[in-house]
Amino acid sequence: MQVRSIIFVCLLSITSFFPAFANEQKIIKYLNEGGKLILIRHSEAPGTGDPTHFNLSDCKTQRNLSAEGIEQAKRLGEFFKKNNISFEKVYSSEYCRCKDTARNAFKDFETFSGLNSTFADPSKTSGYMKKTKEFIDKLDKSKNYIFVAHHTTIEGLTSTFAGSGEMIIVDRSYKVIGTFKVN
């Protein structure tokens, strides 16, 4: 009886691996086609929002990446390297947790204010989304671009919630092609 239980547990473990592997392969295939927007929520940064009197140019006043968040960002960059996924450029929110995610994952990036969080003031969301979409419309449509942002920005563009360090891959009409989180 114990042998059957062990075999059952092993088979269950193996079959639960295949859907995740299949999703990863699908994501890699889509990204290697080019022309995708890769929206990444910043890596793990404990807490919610930012302190009331935070300063965008002073990381000490903001919610920042944890040690796990830094490692998560590094694994994200390794995923792109390991799978030879090309991208034209990385853009980041001006918040330190997004810049640190971009820096640890991809090294080179440029900040773009349209990716900033609207958590503290949701009335800014539509204006930021308009600015971001106008910016994206000017980019080469055959290339992949990475945007490191906040859940409010990603949700504003795609109506899809992203967890910390999660990628939401969309086409140029902001249709979600897939979601993926590097382990």
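Residues numbered from 1 in each chain as written. Predicted model: local features only at pLDDT ≥ 70, side-chain atom pairs only at ≥ 80, totals over all residues. Heavy atoms only, no water.

Novice: So what exactly am I meant to see when it comes to the packing of helix α4 (residues 125-137) against helix α5 (residues 151-158) here?
Specialist: Each pair of packed helices gets described by two things: the angle between the helix axes and the distance between those axes. At a closest axis distance of 10 Å, the pairing of α4 and α5 adopts a crossing angle of 70 degrees. With respect to their mutual orientation, α4 and α5 come out roughly perpendicular. Where α4 approaches α5, its residues T125, M129, T132 and K133 are matched on the opposing element by T153, G156 and L157. Each residue belonging to the contact of α4 with α5 can be placed in one class, and the counts come to two nonpolar, four polar and one charged. (Axes fitted to C-alpha atoms, helices over the stretch in contact; angles between N-to-C directions. Helix = DSSP H or I, 4+ residues; strand = E, 2+ residues; numbered from the N terminus. Parallel < 35°, antiparallel > 145°, perpendicular 65-115°, else oblique. Contact = heavy atoms within 4.5 Å. Nonpolar A, V, L, I, M, F, W, Y, C, P; charged D, E, K, R; others polar.)

Novice: In this structure, what is going on with the state of the cysteines? I would like to understand it.
Specialist: Cysteine pairs can be covalently joined through their sulfur atoms, and such a bond is termed a disulfide. In total, this model carries one disulfide according to the counting rule given. Put simply, C59 and C96 are joined by a disulfide, and their sulfur atoms are 2.0 Å apart. Its torsion about the S-S bond being -80 degrees, the disulfide of C59 and C96 is classed as left-handed. Placement of C59 in the loop between β1 (37-41) and α2 (67-82) and of C96 in helix α3 (residues 96-106) is noted, with a sequence separation of 37 residues between them. (Disulfide = S-S within 2.5 Å.)

Novice: Got a minute to help me understand unusual backbone geometry in this structure?
Specialist: Generally, phi is negative for residues other than glycine and the peptide bonds are trans, each holding for most cases. With phi around 50 degrees, N84 is a residue other than glycine that occupies positive phi space. Mapped onto the fold, N84 is located in the loop between α2 and β2 (89-92). Accessibility expressed as a relative area gives 65% for N84, which makes it exposed. Here S159, not a glycine, exhibits a phi torsion of approximately 60 degrees, which is positive. Looking at the secondary structure, you find S159 in the loop between α5 and β5 (166-170). When its relative accessible area of 68% is taken as the criterion, S159 is described as exposed. (Buried < 20%, exposed > 50% of the residue type's maximum accessible area, 1.4 Å probe, protein only.)

Novice: I keep staring at α2 and nothing clicks. Help me out?
Specialist: Residue pairs spaced three or four apart in an α-helix point in one direction, given the helix's 3.6 residues per turn. For α2, with 16 residues, the first-to-last C-alpha span of 22 Å sits near the 22 Å given by 1.5 Å per residue. Among the residues of α2, those classed as buried are G69, Q72, A73, L76, G77, F79 and F80. In a view along the axis of α2, the buried residues occupy a sector of 150 degrees, so they form one face of it. Seen from the open side of α2, the exposed residues pointing more than 90 degrees away from its buried face are A67, K81 and K82. Positive backbone phi, at 50 degrees, marks N84, one or two positions downstream of α2. (Expected span 1.5 Å × (residues − 1). Arc of directions from axis to C-beta.)

Novice: Which parts of the structure should I look at to understand the side chain of R97?
Specialist: Here R97 shows up in helix α3. Only 3.0 Å separates the side chain of R97 from the side chain of D50, close enough to count as a polar contact. (Polar contact = N/O pair within 3.5 Å; in protein donor to acceptor, adjacent residues only side chain to side chain.)

Novice: Just to check I follow, could you spell out α4 for this structure?
Specialist: Under the 1.5 Å per step criterion, the end-to-end length of α4 is 18 Å for 13 residues, consistent within 8% with the ideal 18 Å. Taken together, the buried positions of α4 are occupied by T125, M129, T132 and I136. Down the axis of α4, the buried side of the element spans an arc of 65 degrees, and every buried residue falls inside it. Among the exposed residues of α4, those oriented more than 90 degrees off its buried face are S126 and K130. Among the structural elements, β1, β4 (145-149) and α5 are those in contact with the buried residues of α4.

Novice: Help me understand the nonpolar core, please; the structure alone is not making it clear to me.
Specialist: One broad trend across soluble globular proteins is that nonpolar side chains are buried collectively. Grouped together as the largest cluster of nonpolar side chains are 21 residues, with contacts concentrated most on L31, L76, F79, F80, F106, I146 and M167. Mapped by element, the contributors of at least two residues to this core are α1 (2-33), β1, α2, α3, β4 and β5. When neighbours within four sequence positions are excluded, F79 is seen to be in contact with E24, I28, L31, I85, M167, F180 and V182. Judged by nonpolar contacts, the second largest core, of 17 residues, contains L139, Y145, L157 and Y174. (Core = buried A, V, L, I, M, F, W, Y, C linked by side-chain atoms within 4.5 Å.)

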